[in-house]
Amino acid sequence: MELAIEAMRRTVAEPRKDGKTSPLVGAVLCKPDGTVETACRGELRHGDHAEFTLLERKNRSNKLDGSILFATLEPCAPDSRHPPKMSCTERIILSRIKEIWVGIEDPDPKVDRKGIKYLQ
Ligand SMILES: [Zn+2]
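Being a predicted model, the structure only gives us computed values, none of them experimental.

## A closer look at the pattern of salt bridges
Per the stated rule, a full pass over the model turns up 11 salt bridges. Glu 14 is the salt-bridge partner of Arg 16, the closest N and O atoms lying 3.7 Å from each other. Take Arg 16: its relative accessible area is 30%, and that puts it in the partly exposed class. A single salt-bridge network, built from bridges that share partners, covers Glu 14, Arg 16, Asp 18 and Arg 41.

## What to know about helix H2 (residues 50–57)
The buried count for H2 comes to six of eight residues, which makes it a mostly enclosed element. Among all positions of H2, only Ala 50, Glu 51, Phe 52, Thr 53, Leu 54 and Leu 55 are buried. Of the surrounding secondary structure, the elements contacted by the buried residues of H2 are strand S1 (26–30), strand S2 (36–40), strand S3 (68–73) and helix H3 (88–94).

## Considerations on the nonpolar core
Within the largest apolar cluster, 13 residues are counted, with the highest numbers of intra-cluster contacts made by Ala 27, Leu 29, Leu 54, Leu 55, Leu 69, Ile 92 and Ile 97. At the level of elements, S1, H2 and S3 are the ones that each hand at least two residues to this core. Broken down by element, this core gets its largest block of residues, three residues, from H2.

## Side note on the coordination of the zinc ion
Coordination of the zinc ion by the protein is provided by His 49 (ND1), Cys 76 (SG) and Cys 88 (SG), with metal-donor distances spanning 1.9 to 2.2 Å. Sequence spacing among the residues donating to the zinc ion works out to H-x26-C-x11-C. Of this pair, Cys 76 sits in the loop between S3 and H3 while Cys 88 is found in helix H3, placing the two residues 12 residues apart along the sequence. Like Cys 76, the residue Cys 88 is buried in the burial classification.

## Some details on the packing of aromatic side chains
Scanning all chains against the criterion turns up one aromatic pair. Aromatic pair Phe 70 and Trp 101: ring centres 6.5 Å apart, planes at 15°, arrangement stacked. Separated by 31 residues along the polypeptide, Phe 70 in strand S3 and Trp 101 in strand S4 (residues 99–104) bring together distant segments of the chain. Its relative accessible area of 46% is what places Trp 101 among the partly exposed residues.

## Things to note about the layout of surface pockets
The computed volume of the largest pocket comes to approximately 900 Å³. Counting only elements with at least two residues in the lining of the largest pocket, the list comes to H2 and H3. Broken down by element, the residue count for the lining of the largest pocket peaks at four residues, all from H2. Here the lining of the largest pocket is composed, by residue class, of 12 nonpolar, six polar and 16 charged.

## So, the state of the cysteines
Note: disulfide means a covalent bond formed between the sulfur atoms of two cysteine side chains. For the structure on display, the rule yields zero disulfides. Here Cys 40 is not disulfide-linked; the sulfur of Cys 88 is the nearest cysteine sulfur, at 13 Å. Taking the relative accessible area as the measure of exposure, Cys 88 reaches 3% and is therefore buried.

## Quick look at the side chain of Ser 22
Here Ser 22 lies in the loop between helix H1 (2–8) and S1. Under the relative-accessibility criterion, Ser 22 is labelled buried at 8%. Polar contacts involving the side chain of Ser 22 include one to the side chain of Glu 14, which spans 2.9 Å. Ignoring sequence-local partners within four residues, the contact set of Ser 22 consists of Ala 13, Glu 14, Arg 16 and Arg 41.

Cut-offs and rules
- Residues numbered from 1 in each chain as written.
- Predicted model: local features only at pLDDT ≥ 70, side-chain atom pairs only at ≥ 80, totals over all residues.
- Heavy atoms only, no water.
- Salt bridge = Lys/Arg side-chain N within 4 Å of Asp/Glu carboxyl O.
- Buried < 20%, exposed > 50% of the residue type's maximum accessible area, 1.4 Å probe, protein only.
- Helix = DSSP H or I, 4+ residues; strand = E, 2+ residues; numbered from the N terminus.
- Contact = heavy atoms within 4.5 Å.
- Core = buried A, V, L, I, M, F, W, Y, C linked by side-chain atoms within 4.5 Å.
- Donors = N, O, S within 2.8 Å, 3.2 Å for Na, K, Ca; no water.
- Phe/Tyr/Trp six-rings, centres within 6.5 Å; stacked < 30°, edge-to-face > 60°.
- 1 Å grid on protein atoms, 1.4 Å probe; cavity = no way out; pocket = protein on both sides within 12 Å on 5 of 7 lines; lining within 4 Å.
- Points joined across faces, edges and corners; volume = space filled by probe spheres on them.
- Nonpolar A, V, L, I, M, F, W, Y, C, P; charged D, E, K, R; others polar.
- Disulfide = S-S within 2.5 Å.
- Polar contact = N/O pair within 3.5 Å; in protein donor to acceptor, adjacent residues only side chain to side chain.

None of the figures reported here should be taken as evidence of function without further support.
Have a look at this one:
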């Protein structure tokens, strides 16, 4: 989680029309082979979630069964994204990650523990 917090500090804030501040988010993936990868929000493209960057942009064709994921912020819940975007919690389940550790619950009412409940 300390590594995830370090990654979180590298978050690239995107320009937003809604006037809100982008959350700082970092994520770490520990694979069964011992390799460790990190990502932060906006690392490769403005607004991309840290988990999305890690799972979809950096590991799209990799088998992630049995990996452990650390995220500083509760991953977004199903229905919190504008269709056809898939939520990070759905991506995590589909990638067969066996364990996830979450730093804090997301106070955004669209998420509000729904992400954690979905993962459980
Ligand atoms: Zn997300």
